[in-house]
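Single-letter residue listing:
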Amino acid sequence: MANMNKKQPGQGKTPQQYTDSTKLAWYGVVGMTLLVILLTLLGGCATTHDISKECCKSKAISAE
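The structure presented is a predicted model; accordingly, all values stated were derived computationally and were not measured. (Residues numbered from 1 in each chain as written. Predicted model: local features only at pLDDT ≥ 70, side-chain atom pairs only at ≥ 80, totals over all residues. Heavy atoms only, no water.)

Student: Explain the overall build of the protein chain here, please?
Tutor: Assigned secondary structure in the protein chain consists of 1 helix and 0 strands. For the protein chain, with 64 residues in total, the buried portion stands at 0%. Summing over all exposed atoms, the protein chain offers an accessible surface of approximately 6,700 Å²; the carbon and sulfur share of this is 64%. (Helix = DSSP H or I, 4+ residues; strand = E, 2+ residues; numbered from the N terminus. Buried < 20%, exposed > 50% of the residue type's maximum accessible area, 1.4 Å probe, protein only. Areas by Shrake-Rupley, 256 points an atom, 1.4 Å probe, with all protein chains shown as cover.)

So, in structure tokens, the structure goes:
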């Protein structure tokens, strides 16, 4: 039990694996950010066209 804190050969990540994991994580962050920006710019006509007054009028529903 005294040797539990010591790293055994073949366990853990190498420095190259840490570097690769860090790069992949940042590529994911950048990719998601670009995707959100792209979807925001291309999304919906409410952001690109004038909205007519007709859509803002509420219609009363009569309960017969």
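Student: Please explain a nonpolar patch on the surface as it appears in this structure.
Tutor: On the surface, a nonpolar cluster with roughly 830 Å² of combined accessible area is contributed by Val-30, Leu-34, Leu-35, Ile-37, Leu-38, Leu-39, Leu-41 and Leu-42. As for its position among the elements, Leu-34 is in helix α1 (residues 15–42). For Leu-34, a relative accessible area of 55% gives the class exposed. (Patch = residues over 30% accessible without salt bridge, like charges linked within 9 Å, V, L, I, M, F, W, Y side chains within 5 Å. Salt bridge = Lys/Arg side-chain N within 4 Å of Asp/Glu carboxyl O.)

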